[in-house]
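Chains, contacts and geometry: an overview
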Amino acid sequence: ARAQAMEVDASPEVVYDDIGGLEEQTREVREAVEEPLLNAEQFREVGIDPPSGVLLHGPPGTGKTMLAKAVANETDATFIKMAGSELVQKFIGEGAKLVRDLFELAAEREPAIIFIDEIDAIAAKRTESKTSGDAEVQRTMMQLLSEMDGFEDRGEIRIIAATNRFDMLDRAILRPGRFDRLIEVPEPGPEGREQILEIHTREMNLAESVDLDDWAGETAGFTGAELASLTTEAGMFAIRDGRTAVRSEDFEDAIEKVEAEDEDSVGTPV
Ligand code: ATP
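The model shown is predicted, which means the values in this text are computed figures rather than measured ones. (Residues numbered from 1 in each chain as written. Predicted model: local features only at pLDDT ≥ 70, side-chain atom pairs only at ≥ 80, totals over all residues. Heavy atoms only, no water.)

1. Here's the deal with the UniProt feature "binding site: ATP" (unreviewed entry) in the chain
In the numbering used here, UniProt assigns the feature "binding site: ATP" (unreviewed entry) to G61, T62, G63, K64, T65, M66 and H200. Within the secondary structure, G63 sits in the loop between β2 (53-57) and α4 (64-74). Relative to the helices and strands, T65 is located in helix α4. (UniProt positions renumbered as here; feature names shortened; annotations may be inferred. Helix = DSSP H or I, 4+ residues; strand = E, 2+ residues; numbered from the N terminus.)

Listed below in structure tokens is the structure:
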């Protein structure tokens, strides 16, 4: 069961250069996660505890998972991902057991980065959680916090969590020694969008006429994930037209398509 719930990647392929427009966030993640992993001795000599957990928050598809994978790659750490929703289990003690398994696996594979996506599934304010198994969810969260408390003797394990619903979080998990590093990962601005478009067209055969700066201007409100799918769609339009070079008109068609998909999904959970 543990293999199903967790995604384990011994060496994720994402590097910092694959991430567009999140310089400040990358710097902060490196400081909070990479430094303590690579220079544990220095922290010991200075006599401070490294940040316990890092919480990435922001809209879906903005690069939170990428950041966590990149830092795992860069530190040669095993990347272990678990969705918060997977930790919400039917039977008493099952969620807590998964948390223990998660940390056990990390200890076997250290250095390791544990990435918990949708942490809100187990760490929502009690008044706002609609699940009937409230006490059980609370217990799972307590197990997670207690595993984190044991960090000092746990060696080279770091924990990163992510949420799209920062406002829903129980503030108790943000206390010092818990998720005490908050990093906001926002939707990209114009420059970020241009960088993201550049990254996702690196391997693409673009016609001279394609000006990514222009398309960055035309895509206000697009997330990184939407920009990635935009470039793929543009390529698909070229293929449908029997061409091997992607033109400006393909981007135009692709923007319409991605925007239409976005409208379709309004109101439905992501
Ligand atoms: P969620 O909250 O839905 O889990 P997320 O913030 O973790 O989303 P990612 O999984 O990191 O988002 O991004 C999804 C995909 O979108 C990436 O695999 C990548 O192709 C693209 N993407 C998102 N953000 C960026 C970015 N800043 N730079 C480059 N590509 C990006």
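2. Thoughts on a negative patch on the surface
Residues E198, D211, D213, D214, E218, E252, D253, E256, E259, D262, E263 and D264 make up a contiguous surface patch of negative charge. Looking at the negative patch, the elements that each hand over two or more residues are α9 (212-218) and α11 (248-264). By residue number, the principal contributor to the negative patch is α11, which donates seven residues. Assignment of secondary structure puts E252 in helix α11. (Patch = residues over 30% accessible without salt bridge, like charges linked within 9 Å, V, L, I, M, F, W, Y side chains within 5 Å. Areas by Shrake-Rupley, 256 points an atom, 1.4 Å probe, with all protein chains shown as cover. Salt bridge = Lys/Arg side-chain N within 4 Å of Asp/Glu carboxyl O. Lys, Arg positive; Asp, Glu negative; His and termini not counted. Charge placed at Lys NZ, Arg CZ, Asp CG, Glu CD.)

3. So, the environment of G93
The topology assignment puts G93 in the loop between β3 (78-83) and α5 (94-108). Separated by 48 residues in sequence, G93 and E45 place their C-alpha atoms 39 Å apart. If near-sequence neighbours (up to four positions away) are discounted, G93 is found in contact with E136 and R139. (Contact = heavy atoms within 4.5 Å.)

4. Points about the environment of E233
Its place among the elements puts E233 in helix α10 (residues 224-240). Put simply, E233 and D253 are 20 residues apart on the chain and 8.3 Å apart in space, counted from C-alpha to C-alpha. Ignoring any residue separated from it by four or fewer positions in sequence, one finds E233 in contact with R240, A254, K257, V258 and E261. A distance of 3.2 Å separates a polar atom in the side chain of E233 from a polar atom in the side chain of K257. (Polar contact = N/O pair within 3.5 Å; in protein donor to acceptor, adjacent residues only side chain to side chain.)

5. Brief notes about the pairing of β2
By the criterion of burial, β2 is predominantly enclosed, with five of the five residues buried. By the alternation rule, side chains of β2 split into G53, L55 and H57 and V54 and L56, which are all buried. Relative to strand β5 (residues 157-163), β2 runs parallel, the two sharing five bridges. Pairing of G53 across the sheet is with I159, part of β5. (Buried < 20%, exposed > 50% of the residue type's maximum accessible area, 1.4 Å probe, protein only. Pairing = 2+ DSSP bridges.)

6. A few points about the sheet that holds strand β1 (residues 6-9)
Strand order in the open sheet formed by six strands is β1-β3-β4-β5-β2-β6, with mixed pairing between adjacent strands. A single partner strand is all that each edge strand has here, and the edge strands are β1 and β6 (181-184). Shown here is a sheet whose adjacent strand axes are inclined to one another by a mean of 20 degrees, direction ignored. Direction of pairing for β2 relative to β6: parallel, over a ladder of four bridges. Each residue of the ladder has a partner; that of V54, found in β6, is R181. (Axes fitted to C-alpha atoms, helices over the stretch in contact; angles between N-to-C directions.)

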